[in-house]
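Each chain, letter by letter, is given below.
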Amino acid sequence: MRPSVQEMIAQSNGKKNKKVIEKIIPIILFLIASVSVLTSIGIVLTLIVETVTFFTRVPFFDFIFGTTWLPFSNKEAQFGILPLIVGTLKVTLIAVIVAVPIGISAAIYLSEYASENVRRILKPVLEVLAGVPTIVYGFFALTFVTPVLQAVFPEIKIFNAISPGIVVGIMIIPMIASLSEDAMSSVPKSIREGALAMGSTKFEVAWKITVPAALSGIIASVVLAVSRAIGETMIVSLAAGSTPRLDGDFTGSIQTMTAYIVQVSKGDAGYGTTIYYSIYAVGFTLFVFTMVMNILAGYVSKRFREEY
Amino acid sequence: MTESAKKAVYETKQLNLWYGSNHALKNIDLEIMENEVTAIIGPSGCGKSTYIKTLNRMVELVPSVKTSGEILYRGRNIFNHDYGVEELRTRVGMVFQKPNPFPKSIYDNIAYGPRIHGIKNKKILDEIVEKSLRGAAIWDEVKDRLNENAYSISGGQQQRICIARALAIEPDVILMDEPTSALDPISTLKVEELVQELKKDYSIIIVTHNMQQAARISDKTAFFLNGEVVEYDHTDTIFSNPSDKRTEDYISGRFG
Amino acid sequence: MRYIEQQTVVKRMNGRLIANSIFKYIFLAATLIALLALVILLYRIVTQGAGHLSIEFLTNFASRFPEKAGIKAALVGSLWLMLVVAPTSIILGVGSAIYLEEYAKQNRITTFIRMNISNLAGVPSVVFGLLGLTIFVRALALGNSVLAAGFTMSLLILPVIVVASQEAIRSVPGELRDASYGMGATKWQTIVKIILPAAIPGILTGSILALSRAIGETAPLIVIGIPVIIQFLPAGVMDTFTALPMQIYDWSSRPQQEFQTVAAAGIIVLMAVLLFMNSIAVIIRNKFDKRY
C-alpha cells in the first residue's frame, strides 16, 4: 500500500525549499524590468554628457540660433543647427500632407464602410506596409519616386525633399490609419445607430458623429506619426541628399538631423573631434523633438478623451 | 459516526473583512463539522462567496483586502504568519463557479496538483489520476480520452474534472463556490449526487444561490445576509422551522 | 404648425445621398492608394532585382564588380545578429512583462516603468544607435561586434516585446490562476506551468514581429560603425560582421546603375526572410487560436 498523497506531499515539501525560489524570482524579474528604465537613463545621460562636451567647443547660442551648418569646413567649421531642423521639417511637412488625408480617409473607410471581408483583406495590407523596412522605402524613393517626379517636374534634382517626403508619408499611413481606426471603432455602436435611426446617411454619421467623437485619438495618431517622420533616417539618408540649407526650396538637396548623424557615422570622424560630439548634440535635439511629440500625443489622447 | 464524536474542521471567530472601505463580512462566528456538507446560502452580495474564499485565503488575491478575527483550521489560525497559504490550500481543495480546467490534457489536469507538490513517479501519478477520476464519478466517461484537451468535453464533465483535480491531492476539505451555477439541470444532478458520495471522505462547504439544492444535499445550512450570519442550524430546521423572520422571508422567496 | 416640412426633407435628400456616395468612393480611393503604393513598390523591386538573383548571389561575398557582388556575408551576419537579439530581447521582454503583470504592485515605481516603456517605443532608432555607440562599442569596449549590435537592437525592440507579452499574459483567464492557486501552487509554479504555456502563442507572435523589425533596421548599425565590405564570416559574437540592410544601403548609395539591380536583389532576399518570419507568426497565431 502506497502512502497517502498528503504524506507524499509533506515528504517532498520537506526536501526542497520553494520559499527561496519564491523570494528570489521577483527580485530577478524586477531587475529585468528595470533594464528598460536603465536604457532610458542611458540614452538621456549619453546624449547629455556628450552634448555638454560639444558645448565646451561650440557656444550653445551659436548651435541653437546659428543659420549655417558647415561642420566639415577646414577653415572655420560652423554648427548652427537651424538648417538641419528646417530640412527635417520640410520632409515632415510633405509626409504629413500625403499621409494625413489618406490615413484618416482609410481609417474612416475601414471603420464605417468596409464589410468584414474587405477589412480582412485591407488590414493585413496596412500591416505589411508598416512592416516594410525603411531601407527598402529609401531605395524606392531614390530609384522610383524621384525619377517619376523628375519626369513630370524637370526642375527637381536627384536629391530633394519632395520624394523622401512622399515616401515617409507612405510609411506613416498605416500608423495613422490603424490608430485612428482604433479610436473610431471604440465609438459605441449605439451612438451610430441613434444617428442612423434619425435618417442620417453613413457619411453624415462618419463626419458628424464618429470623427468628432474620436477626434482626440485621431489627433494623437497624427502627432505620433509626425514624431516617426521626424526620426526617420534611412529614407532621407538615401534620397534627400546632404546639403544643409535654411531656404524654402524643396526641389534640391537638403539634409535632415538624422541624415547628418548617418553621414558622420559612415565617414571616419575620429573619436573626440568636434564633429564626433556634434552627432550627439544633433541626436539630443532630435530626441527632444520626438519626446515633445510623444508626450503631446499622450496628453491629447488623455485630456480630450470622450466619455461614453 | 455519531454526532458527538464529530470534530470541527473550521472554527471561525469574530471574522471581519473589508474590501477597501466596504465592510463585507461582519463578526462571523461559525463552526463547521467534518464529514458533513455545509451549505451557505443568501442573496447575491451577502458575502457568502467572500466567506468561502476566506477559508483558503483565496480572497487575498484581491488587492486592498483586510481581515480581523480568527479562522481556526483543525485548531490552527490560518491567518498566522507562519501558516503558508500553499500549505493551507494543499489541505483544502476548491471548486469554482465556472468550470476552469487548464488548457491541457485531462490527465495533466488531474496530475497538476500532485506534480507541483513534487510527486513525479509515473506509476503513482497514473494511480492517482484513475482514483481521482473514479472518485469524481467520471472515470468511465473519459478513461479512453485522457490525453485529449480538457476543453473537448462538455461543461458538466469539465466541472467534474475540476472536482477530480481537487481530489487528486487528497484534501481534507473541499470548498465549492456555486459549482453548478453554470451547468444544465442534468449535470447539476450528477454533481449533487457526487457531493453526497464525497462527504463520506471529505468535509464539504458549498456556496449556493439555489435553496432547493441546499435543502437536497446539505446537513447544515448557514444563511448570510449583508455580511452577517443570520442563522446557522441543521438544514431541516432552517427550511422547516427557521427561528429568524429574515430567514423565513428569504426561504419563502420574498426577497433575494 | 410643423417645423419640418416633408417636402424640404425630400428635396434635400438627393444631395445628401449623392454626397454620401461620393465620399464613400473618396475614402475607398484613399485606402486603395495605400494598397497601390505597396503593389508598385513590390513590383518595382521584383522586376529590378529578380534578374540578379542566383545561387552565386547568395554564396558570394561583396565585390567591387556588380556582377560578382553577393550577399553571403550579410545574410550570415544577419543570422548571427538574430542569435544574439532573439534570446536577449525575449528574456528581457518576457521577464519585464511577467514582472509588470504578475508581481508589480500598483505604485509609483510601476507607473514609472510602464510610462518609461511606452516612451522608449517612441525614441528614433538612430538615437538607439548613439546609445549603442557610447555604451556597448566604447564604454564596454565590445567594438563593432555582433554582441554590441545585438544588444543595441535588443533594447530597440524591447518595448514591442514587453507590450505584446503583457497583452498575451493579460488575456489568460483569471479562473486558471485561481484554479492553480486553489491547488496550493505557488505564484512562480502558476506562472511557469499555467500562465506562460497559455500565453506563449501571443508572446511568440509578438516576438517574431519584433525580431523582423530588428532584421530590417539599418540606422543603429550605421551609427555603431558596422562595416560593409567584409570578406569573411564572423566566427563568434565578438567578431565584426555586416547585415542585410547595411549591404543594401551600401549598394543603393553607389552611383553606378548596375549596383541598384544588386540592391534590389538584396531587398528581395531581405523581404523573403521577413516573409518567412511573418508566416511563422501567422501559423502560430492560427494554430493556437483561443481554446478556452
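Residues numbered from 1 in each chain as written. Chains lettered and ligands numbered in written order. Predicted model: local features only at pLDDT ≥ 70, side-chain atom pairs only at ≥ 80, totals over all residues. Heavy atoms only, no water.

### Here we look at the overall build of chain A
As a reminder of what qualifies: Numbering of helices and strands runs from the N terminus; a helix is a DSSP stretch of H or I covering at least four residues, while a strand is a stretch of E covering at least two. A simple rule labels every residue: compare its accessible area, found with a 1.4 Å probe on the protein chains alone, to the largest value its type can have, and call it buried under 20%, exposed over 50%, or partly exposed in between. Residue contacts are defined here by distance: any two heavy atoms, one from each residue, within 4.5 Å place the two residues in contact. Per-residue and other accessible areas were derived by the Shrake-Rupley procedure at a 1.4 Å probe size, with only the shown protein chains allowed to occlude residues. By the counting scheme adopted, Arg and Lys are positive, Glu and Asp are negative, and His together with the chain ends is not counted. All charge positions are set by atom: Lys at NZ, Arg at CZ, Asp at CG, Glu at CD.
Along chain A, the regular secondary structure elements total 13 helices and two strands. Dimensions of chain A, computed from the C-alpha atoms along their principal axes, are close to 95 × 65 × 35 Å. Per-residue burial over chain A gives 54% buried out of 308 residues. The long-range share in chain A, meaning contacts at least 24 apart out of those at least 6 apart in sequence, stands at 71%. When the accessible surface of chain A is summed, it comes to about 13800 Å², and 67% of that surface belongs to carbon and sulfur atoms. Separation between the mean location of the 23 positive side-chain charges and that of the 19 negative ones in chain A comes to 9 Å.

### A look at the overall build of chain B
Rules: C-alpha atoms define the radius of gyration, and 2.2 Å times the number of residues to the power 0.38 defines the globule rule.
Summing up its helical and strand segments, chain B has ten helices and ten strands in all. Since a compact globule built from 256 residues should have a radius of gyration of about 18 Å, the 18 Å found for chain B is in line with a globular shape. In terms of principal-axis extent, the alpha carbons of chain B reach across some 55 × 45 × 40 Å. Counting only residues that meet the buried cut, chain B has 55% of its 256 residues in that class. Summarising the internal contacts of chain B: among those between residues at least 6 apart in sequence, 68% fall at separations of at least 24. Working note: accessible area of chain B is about 10700 Å², and carbon and sulfur atoms make up 47% of it. One way to put it: in chain B the 32 positive side-chain charges average out to a point 4 Å from where the 36 negative ones average out.

### Here we look at the layout of surface pockets
Put simply, the rule reads: Site definitions follow a grid-based scheme: protein atoms alone, a 1 Å grid, a 1.4 Å probe that fits but cannot get out for cavities, and for pockets an open set with protein on both sides within 12 Å along at least five of seven lines, plus lining residues having an atom within 4 Å of a point. Grid points are joined across faces, edges and corners, and a volume is the space filled by probe spheres set on the points.
A volume near 1500 Å³ is recorded for the second largest pocket. Every residue lining the second largest pocket is counted, 36 residues in all, and those nearest its centre are Leu61(B), Val85(B), Glu86(B), Tyr181(C) and Lys187(C).

### Digging into the pattern of salt bridges
All names here are of chain B. Note the following rule: Put simply, a salt bridge is a Lys or Arg side-chain nitrogen that is within 4 Å of an Asp or Glu carboxyl oxygen.
If you walk through the whole model with that rule in mind, you get 34 salt bridges over all chains. Between Glu 87 and Arg 76 there is a salt bridge, with its nearest N and O atoms 3.5 Å apart. Separated by eleven residues along the polypeptide, Glu 87 in helix 2 (residues 85-91) and Arg 76 in strand 5 (residues 76-77) bring together distant segments of the chain. Owing to a relative accessible area of 40%, Glu 87 belongs among the partly exposed residues under this scheme.

### Observations regarding the confidence of the model for chain B
Counted only if it meets this: pLDDT measures how confident the predictor is about each residue, on a scale from 0 to 100.
In the predicted model, chain B carries a mean pLDDT of 92, and the fraction of residues at 70 or more is 98%. Interface confidence for the predicted complex, given as ipTM, is 0.92, next to a pTM of 0.90.

### Description of the nonpolar core
We apply this condition: In plain words, nonpolar cores are sets of buried Ala, Val, Leu, Ile, Met, Phe, Trp, Tyr and Cys residues tied together by side-chain atoms within 4.5 Å.
Core analysis: the biggest nonpolar cluster contains 270 residues, and Tyr10(B), Tyr51(B) and Leu133(B) have the highest contact counts within it. At 16 residues, the largest contribution of residues to this core is made by helix 4 (residues 82-113) of chain A. Not counting chain neighbours up to four residues away, the residues in contact with Leu133(B) comprise Ile110(B), Ile138(B), Trp139(B), Val142(B), Leu146(B), Ile161(B) and Ala164(B).

### A short note on the domain arrangement of chain A
Residues and elements named next belong to chain A. This is how it is decided: Segmentation into domains, and thus their bounds, comes from an automatic or database assignment. In short, buried area is how much 1.4 Å probe accessible area vanishes from two parts on joining, totalled over both. For the purposes of these results, a polar contact is taken to be a pair of N or O atoms within 3.5 Å, where, inside protein, one atom must be able to donate a hydrogen and its partner to accept one; residues adjacent in sequence count only when each atom of the pair is a side-chain atom. Each residue is assigned to one class: nonpolar for Ala, Val, Leu, Ile, Met, Phe, Trp, Tyr, Cys and Pro, charged for Asp, Glu, Lys and Arg, and polar for all the others, Gly among them.
Structurally, chain A comprises domain 1 (5-56) and domain 2 (69-303). Taken together, the nine residues of domain 1 in the interface contact ten residues of domain 2. Of the roughly 870 Å² buried at the junction of domain 1 and domain 2 (both faces included), carbon and sulfur atoms supply 85%. On the domain 1 side of the interface with domain 2, the three residues burying the most area are Leu 47, Glu 50 and Phe 54, jointly 63% of the side's total. One can count one residue pair in polar contact (both at pLDDT 80 or more) joining domain 1 with domain 2. Looking at the side of domain 1 that touches domain 2 residue by residue, the class counts come to five nonpolar, three polar and one charged.

### Focus: the pairing of strand 10 (residues 228-234) of chain B
Within a regular strand, the side chains alternate between the two sheet faces. The condition is simple: By the convention used here, strands pair only if DSSP detects at least 2 bridges between them.
Pairing analysis gives six bridges linking strand 9 (residues 220-225) of chain B to strand 10 of chain B, with the strands arranged antiparallel. By the bridge assignment, Phe223(B) is partnered in strand 10 of chain B with Glu231(B).

### A closer look at a nonpolar patch on the surface
Just so we agree on the cut-off: Here the term patch refers to residues with relative accessible area over 30% and no salt bridge, with like charges joined within 9 Å and nonpolar side chains (Val, Leu, Ile, Met, Phe, Trp, Tyr) within 5 Å.
Where nonpolar side chains cluster on the molecular surface, the patch consists of Ile27(A), Phe30(A), Leu31(A) and Ile109(C) and spans about 380 Å² of accessible area. Inspection of the secondary structure puts Leu31(A) in helix 2 (residues 18-57). According to the relative accessible area criterion, Leu31(A) is exposed, its value standing at 53%.

### Considering the interface of chain C and chain A
Every contact between the two is made by 68 residues of chain C and, on the other side, 70 residues of chain A. Linking chain C with chain A are one salt bridge, by the criterion used here. The salt bridge partner of Glu204(A) is Arg16(C), with a shortest N-O separation of 2.7 Å. Along the contact surface separating chain C from chain A lie twelve residue pairs in polar contact (both at pLDDT 80 or more).

### Describing the side chain of Thr218(C)
The residue Thr218(C) is located in the loop between helix 8 (187-216) and helix 9 (219-223) in this model. Looking at Thr218(C), the relative accessible area reads 0%, which means it is buried. Setting aside anything within four residues of it in sequence, one finds Thr218(C) in contact with Ile135(A), Met234(A), Pro245(C), Met246(C) and Tyr249(C).

### Digging into the UniProt feature "domain: ABC transmembrane type-1" (unreviewed entry) in chain A
Condition: UniProt positions are given in the numbering used here, feature names are shortened, and annotations may be inferred rather than shown by experiment.
In the numbering used here, UniProt assigns the feature "domain: ABC transmembrane type-1" (unreviewed entry) to residues 85-297 of chain A. Between the end C-alpha atoms of residues 85-297 of chain A the distance is 21 Å, and the span holds 78% helix and 0% strand.

### What to know about the packing of helix 9 (residues 202-213) of chain A against helix 1 (residues 6-49) of chain C
Where we set the bar: Here an angle of 0 to 180 degrees is reported between the N-to-C directions of two axes, which are lines fitted to C-alpha atoms, with helices fitted over the stretch in contact. With respect to orientation, any angle under 35 degrees is reported as roughly parallel, any angle over 145 as roughly antiparallel, any angle of 65 to 115 as roughly perpendicular, and every other angle as oblique.
The geometry of helix 9 of chain A relative to helix 1 of chain C is characterised by a closest axis approach of 8 Å and an angle of 70° between their N-to-C directions. One finds that helix 9 of chain A runs roughly perpendicular with respect to helix 1 of chain C. Only Arg16(C), Asn20(C), Phe23(C) and Phe27(C) of helix 1 of chain C make contact with helix 9 of chain A, whose side of the interface consists of Lys202(A), Phe203(A) and Glu204(A). Partitioning the contact of helix 9 of chain A with helix 1 of chain C into residue classes produces three nonpolar, one polar and three charged.

### Details of helix 10 (residues 244-252) of chain C
The element helix 10 of chain C is extensively covered by neighbouring structure, given that nine of its nine residues are classed as buried. For helix 10 of chain C, every residue scored as buried is listed here: Leu244(C), Pro245(C), Met246(C), Gln247(C), Ile248(C), Tyr249(C), Asp250(C), Trp251(C) and Ser252(C).

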